[in-house]
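Chain by chain, the residues:
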Amino acid sequence: MARSSADDMELKRSCEAGIMSKEKDRETVVMCMRVAKGRGVWGKAGKLGSRHMAKPRVLAVTTKAKGQRTKAFVRVLKYSNGGVLEPAKVYKMKHLSKVEVVQNDPSGCTFLLGFDNLRSQSVSPPQWTMRNKDDRNRLLMCILNMCKEFLGGIPKVVGMDIVEMAMWAKENTPVKVTQVSTKDGPIESVVGEADSQVAVEKDLVSQAEEEDIEALLGTYVMAIGEAEAFSERMKRELVALESANVYALMETESVVEEVLEGLEIATICVEDMDEWLGIFNIKLRHMREDIQSIEWRNNRLELQSVSNVALIDELDKLLELLQIPPEYEASLTGGSFDEGNMVKNIEACEWLTSAIKNLEASNLDPIYVKLRAVREKRAEFVLLKCTFVRRASEFLRNYFPSLIDFMLNDKGNFSQRGQLQRPDHADMRYKCRTYARLLQHIKSLDKSCLTPLRKAYCHSLNLLIRREAREFSNELRAGSKASKSSTPLFEGPASANQSISITDTSADAYCKMITVFIPLLVDESSFFAHFMCFDVSALAPSDESDNNNPVAEAKSISLSSSEPSGSSAKPTNSSAELGVLNQCLQELLDGIQEDFYALVDWAFKLDPLSCISMHGITDRYLSGQKAVVAGYVHVLLDDLETRISILFSRFVDDACYQIEKYERNVRQIGVVPYIPRFSQLAARMEQYINGSRDLVDQAYTKIVTIMFVTLEKIAQVEPKYVDIVLLENYAAFQHSLYDLANVVPTLAKYYHQASEAYEQACSRHINLVIYIHFEKLFQFARKIEELMYNMSPEEIPFQVGMSKVDFRKMLKSSLSGLDKTINAMYRKLQKNITAEELLPSLWEKCKKEFLDKYATFLKLISKIYPSETVTSVNEMRDTLASL
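Residues numbered from 1 in each chain as written. Predicted model: local features only at pLDDT ≥ 70, side-chain atom pairs only at ≥ 80, totals over all residues. Heavy atoms only, no water.

- As named in an unreviewed UniProt entry, the protein chain is Exocyst complex component Sec3 PIP2-binding N-terminal domain-containing protein, taken from Oryza meyeriana var. granulata.
- Quoted verbatim from the Sequence similarities (unreviewed entry) field of UniProt, the annotation for the protein chain is "Belongs to the SEC3 family." (UniProt positions renumbered as here; feature names shortened; annotations may be inferred.)

A short note on the overall build of the protein chain
1) Next: Per the secondary structure count, the protein chain includes 30 helices and ten strands.
2) Next: Counting every position in the protein chain, which comprises 883 residues, the buried fraction comes to 40%.
3) Next: A fraction of 72% describes how many contacts in the protein chain between residues 6 or more apart in sequence connect residues 24 or more apart. (Helix = DSSP H or I, 4+ residues; strand = E, 2+ residues; numbered from the N terminus. Buried < 20%, exposed > 50% of the residue type's maximum accessible area, 1.4 Å probe, protein only. Contact = heavy atoms within 4.5 Å.)

Side note on the packing of aromatic side chains
1) Next: The tally for this structure, following the rule as stated, stands at 29 aromatic pairs.
2) Next: A centroid spacing of 5.3 Å and a plane angle of 80° characterise the contact between F400 and Y457, whose relative ring orientation is edge-to-face. Residue F400 is found in helix α11 (residues 372-408), and its partner Y457 is found in helix α14 (residues 450-479); the two are separated by 57 residues along the sequence.
3) Next: Of the residues examined, Y457 reaches a relative accessible area of 3% and is grouped as buried.
4) Next: Linked through ring pairs, F395, Y399, F400, Y435, Y457, F527, F528, F531 and F534 together constitute an aromatic cluster.
5) Next: For the cation-ring pair, R429 lies above F527, with the distance from its terminal atom to the ring centre recorded as 6.0 Å.
6) Next: Above the face of the Y597 ring, R643 is positioned so that its terminal group lies 4.6 Å from the ring centre. (Phe/Tyr/Trp six-rings, centres within 6.5 Å; stacked < 30°, edge-to-face > 60°. Lys NZ or Arg CZ within 6 Å of the ring centre and 35° of its normal.)

Quick look at helix α18 (residues 593-606)
1) Next: For α18, with 14 residues, the first-to-last C-alpha span of 20 Å sits near the 20 Å given by 1.5 Å per residue.
2) Next: Within the sequence span of α18, burial applies to Q593, D595, F596, Y597, L599, V600, W602, A603, F604 and L606.
3) Next: In this fold, the buried residues of α18 make contact with α14, α15 (505-531), α17 (575-589), α19 (610-624) and α20 (631-660). (Expected span 1.5 Å × (residues − 1).)

Details of the pattern of salt bridges
1) Next: Applying the stated criterion across every chain yields a total of 17 salt bridges.
2) Next: For D601, the salt bridge identified is with R643, shortest N-O distance 3.0 Å. Of this pair, D601 sits in helix α18 while R643 is found in helix α20, placing the two residues 42 residues apart along the sequence.
3) Next: The exposure class of D601 is partly exposed, given its relative accessible area of 23%.
4) Next: R643 sits in the partly exposed class, given a relative accessible area of 30%.
5) Next: Each of E686, R693 and D697 takes part in one network of salt bridges that share partners. (Salt bridge = Lys/Arg side-chain N within 4 Å of Asp/Glu carboxyl O.)

Some points on helix α28 (residues 818-832)
Given 3.6 residues per turn, any residue in an α-helix points the same way as the ones three and four places further on.
1) Next: When the terminal C-alpha atoms of α28 are compared, their 22 Å separation across 15 residues agrees well with the 21 Å that a helix rising 1.5 Å per residue should span.
2) Next: Taken together, the buried positions of α28 are L818, T821, I822, A824, M825, L829 and N832. Buried residues of α28 fall within an arc of 155° about the axis and therefore sit on the same side. Set apart from the buried face of α28 by more than 90 degrees, the exposed residues are K820, R827 and K831. (Arc of directions from axis to C-beta.)

Quick word on the pairing of strand β5 (residues 96-101)
1) Next: One ladder, built from five bridges, connects β5 with strand β6 (residues 110-115); its direction is antiparallel. Residue pairing across strands places V99 opposite L113, the latter belonging to β6.
2) Next: Here β5 runs beside strand β8 (residues 156-158); their pairing, made up of three bridges, is parallel. Pairing of E100 across the sheet is with V158, part of β8. (Pairing = 2+ DSSP bridges.)

With respect to the environment of S763
1) Next: By the secondary structure assignment, S763 is in helix α25 (residues 745-773).
2) Next: For S763, a relative accessible area of 34% translates into the label partly exposed.
3) Next: When the C-alpha atoms of S763 and C846 are compared, they prove to be 8.4 Å apart, with 83 residues separating the residues in sequence.

Some points on the confidence of the model for the protein chain
1) Next: Taken over all residues, the pLDDT of the protein chain has a mean of 77, while the share at 70 or more is 77%.
2) Next: Low pLDDT, under 50, characterises residues 493-503; the stretch is placed with 17 contacts to residues that sit more than four places away or in other chains. (pLDDT = per-residue confidence, 0-100.)

Some points on the packing of α17 against α20
1) Next: One way to put it is that α17 packs onto α20 with a least axis distance of 8 Å and a crossing angle of 55°. Classed by the angle they form, the pair α17 and α20 counts as oblique. Between α17, through N582, L585, Q586 and L589, and α20, the contact on the second element is made entirely by G631, Y632 and V633.
2) Next: Considered class by class, the residues forming the contact of α17 with α20 number four nonpolar, three polar and no charged. (Axes fitted to C-alpha atoms, helices over the stretch in contact; angles between N-to-C directions. Parallel < 35°, antiparallel > 145°, perpendicular 65-115°, else oblique. Nonpolar A, V, L, I, M, F, W, Y, C, P; charged D, E, K, R; others polar.)

With respect to the packing of α15 against α19
1) Next: Put simply, α15 and α19 touch, their axes get as near as 9 Å, and they point 15° apart. Here α15 lies roughly parallel to α19, going by the angle between them. With respect to the hand of their crossing, α15 and α19 are arranged in right-handed fashion. On α19, the residues that touch S506, A507, Y510, C511, I514, T515, I518 and P519 of α15 are S610, S613, M614, I617, T618 and Y621.
2) Next: For the contact of α15 with α19, a count of residues per class yields nine nonpolar, five polar and no charged. (Left-handed = near helix turned anticlockwise from the far one by under 90°.)

Describing the environment of K89
1) Next: Relative to the elements of secondary structure, K89 occurs in strand β4 (residues 85-92).
2) Next: Judged by its relative accessible area of 46%, K89 falls in the partly exposed class.
3) Next: Expressed as a C-alpha distance, the spacing of K89 and L59, which sit 30 residues apart in the sequence, is 9.8 Å.
4) Next: Look past the residues within four positions of K89 in its chain and what remains in contact with it is V74, R75 and V76.

Here we look at the sheet that holds strand β3 (residues 69-79)
1) Next: Within the open sheet, the eight strands sit side by side as β4-β3-β2-β1-β7-β6-β5-β8. Their pairing is mixed. Pairing within the sheet leaves two strands with one partner each, and these edge strands are β4 and β8. Between one strand axis and the next, the sheet turns by 35° as a mean value, whatever way the strands run.
2) Next: The sheet contacts of helix α1 (residues 9-20) involve β1 (28-39), β2 (55-66), β3 and β4, and relative to β1 the element is tilted by about 90°.

Remarks on the side chain of H425
1) Next: Positionally, H425 belongs in the loop between α11 and α12 (426-433).
2) Next: Take H425: its relative accessible area is 2%, and that puts it in the buried class.
3) Next: The residues contacting H425, other than those within four sequence positions of it, are M407, L461, L464, I465, E468, L520 and E524.

Side note on the pairing of β2
1) Next: Across nine bridges, β1 lies against β2 in antiparallel orientation. Considered in β2, the bridge of M31 is made with V61.
2) Next: With nine bridges joining them, β2 and β3 adopt antiparallel strand pairing. Counted as the bridge partner of T63 is A72 from β3.
3) Next: In this antiparallel pair of consecutive strands, β2 and β3, the connection spans two residues, and G67 shows a positive phi of 75°.

Examining the environment of F534
1) Next: Tracing the sequence through the fold places F534 in the loop between α15 and α16 (541-544).
2) Next: Residues F534 and E577 lie 43 residues apart in sequence; the distance between their C-alpha atoms is 6.8 Å.
3) Next: The contact partners of F534, leaving out residues within four places of it in the chain, are R454, F528, A529, E577, V580, L581 and C584.

Here's the deal with the nonpolar core
1) Next: The biggest cluster of nonpolar side chains holds 166 residues, and the ones touching the most others in it are Y457, F528, F648, F678, F733 and F857.
2) Next: If one sorts the elements of this core by residue count, α15 sits on top with 14 residues.
3) Next: Judged by nonpolar contacts, the second largest core, of 31 residues, contains A72, L96, F111 and L140. (Core = buried A, V, L, I, M, F, W, Y, C linked by side-chain atoms within 4.5 Å.)

Some remarks on the side chain of R75
1) Next: Mapped onto the fold, R75 is located in strand β3.
2) Next: Residue classification places R75 among the buried positions, given a relative accessible area of 4%.
3) Next: Within the local environment of R75, its side chain forms a polar contact with the side chain of E27, the two groups lying 3.0 Å apart.
4) Next: Apart from residues no more than four positions distant in its own chain, R75 is found in contact with I19, E23, E27, V58, L59, A60, T62, P87, K89 and V90. (Polar contact = N/O pair within 3.5 Å; in protein donor to acceptor, adjacent residues only side chain to side chain.)

What to know about empty space enclosed by the protein
1) Next: For the structure on display, the rule yields three cavities of 30 Å³ or more.
2) Next: Within this model, the largest cavity holds a volume of roughly 80 Å³.
3) Next: Forming the walls of the largest cavity are L59, V74, V76, Y91, L113, F115, L118, P125, P126 and W128.
4) Next: Elements represented by at least two residues in the lining of the largest cavity include exactly β3, β6 and β7 (126-129). (1 Å grid on protein atoms, 1.4 Å probe; cavity = no way out; pocket = protein on both sides within 12 Å on 5 of 7 lines; lining within 4 Å. Points joined across faces, edges and corners; volume = space filled by probe spheres on them.)

Given below as structure tokens:
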């Protein structure tokens, strides 16, 4: 027989290790056994066994000491993927309320443990199956003993006899043979397991209880040991029992007969009742059929009545759709379009639009679509629509020209001599707004009729705007008192350009023209887009909040108050719709650009520098012009900016040409005239800047570049005086532009360029003067430097012409009469310089450069001729300072 798993010490150690891995406190494993886990239900144990596959588990009974108290647990352990035992479930022994052995298991090895603290008693508890009955008894006896020891009582036991369990425990208590060491040597001691585990396994029944049970059983086993006597006794008792039964039957014969008579009478009554019930059932069936027939006829009458009422309501609604109100019919067929009748016309138009929409197949019940009355009325409504749209279109095509002609005939609407008149179209827009809703209804009824109306409006308004622009431009030119500049900027005597006034009347005239007409054109474009029902937005969102933008001052004309109810007010920027709008705006504003061009040409002839102001104003309006409906205005401003840039470029090219003409002249003495004149020009240009300075900076770049190139060419005419011409002119350039270079970055760049060129020219000229007067001295130093490349300093005095005697001769000839030589240097600088203010700085640079070169000369001499006495640098500095 296989050894029980309860005796497997390796299993016990695995259980202790698995429990210790999850619990902080140490627990003692009293007993552990391998079991198979299944599912069952109280009272139906075994019926669910086939539905759930048995899983291998280990049941362990453990104890844990907590102070003076000891707690007992029943733990369930399962095998992990690596075959290691790990805790799966833990039950407290104090909650064990029931132990039930499954009766349907013939082996008796399956049992259930019931705990009273389970959350859901409806969930089927697990059932545990042991390998054999001995293992089952051994585990259950361990559990019951621990319950009695620690809890003072045992749980309810179902399916097995507690007395038989106690008897099994006595018979199967294992005996342990232990060795006890004595003086005579080790001897074997036989001890029962119950004695060795006194704390766990104790008798379930005490000695007194066992004696009482034996005494009770003794009363029921009398003579059981004598089988024949017991058999005779049982036979006698059976015969006595049968005799008593026969006697009782004979005594109750009369009672039985009375009962039989009563039953017969009751049977007759039941048969009569059954016959009567059959008759009543037939009558009730006939009545039920009659009632059903009456209810069916009644339901049909009610349905017919309801259907008739619904039909009448539907016919009334259909008649309302098909009937034309008399007042609307009069307005649609022959009514007047005067301002007083427009309310009636709009109401009639709204009714017609809704009536046509209601008779469309998508909005009508499919039953009515094919009715002849509906088809005829739909055709009648379409004919009425065509008639109304034709009449309204003819009226508006005549109304727009008549309204514009009235404004053209009124001279008070235009500028006159001595009086500038700002265009005012508020009254015209107010009158046009009266027909805004009519135009929207015409678009919803027949969109193709809008094209001739738009052309008529554009043609009429174009005449008005062109005349207003022409009169306004003419009066601006006539009222501006500005004289034309007759002297070219870089030609003539130097004082010719100094008396020119800097009054910018021509640019002011252009500014007024732009300020008045650009917002007007934006307003007209926006009004036209809304009035003629284009589905585009009026202004970009950024323009509506731009308070500094003059174009944003042009208000977006909103017709939301006059839009028909039910129409969508959300604009859709369709590319096709925007293309049609741009074509119409070109027809509306075409020709007005000629008046702007004429004003720009006039301003340029009066003062070319006014292009700077005009370009700034135009660029400011152009950068702020983001209206979707004002695309043509953007094109106009772009063309104006291009034209102004071309004119100003022509002026700059002419100035460059005048500068280039100087290189063809005879040798220039002193500062060329265009340098001081450029400073005057730059000062004037800065005063004209109004906004962006890109145009001016480009002009500076082009003119100054030509000036420097021309200056280099002029200086090359006389090679002897190249540096003198350059340093005088670059100095003059710096002097004249000093203030402007501090505030203008472009001029600052050329100022630094001129400063570098000035320094280079000064350096070359000073070196030339120094070498002229001290030629022998520095030629000797150059020879020394050349010889030092090939030989050591000690060998140089032995070369031809480099001896100490030669050195002393050279030094005597160069430094004798030093005062005269230095005075000659000063006179040389003073001789060719026309700008006397440059002489002191040049002389200081000359002395500094001479001292630097002399110090370098002394360093070379100290290496080659260390014993020779030479004038020191400090003595030379004192000599220069005394002169």
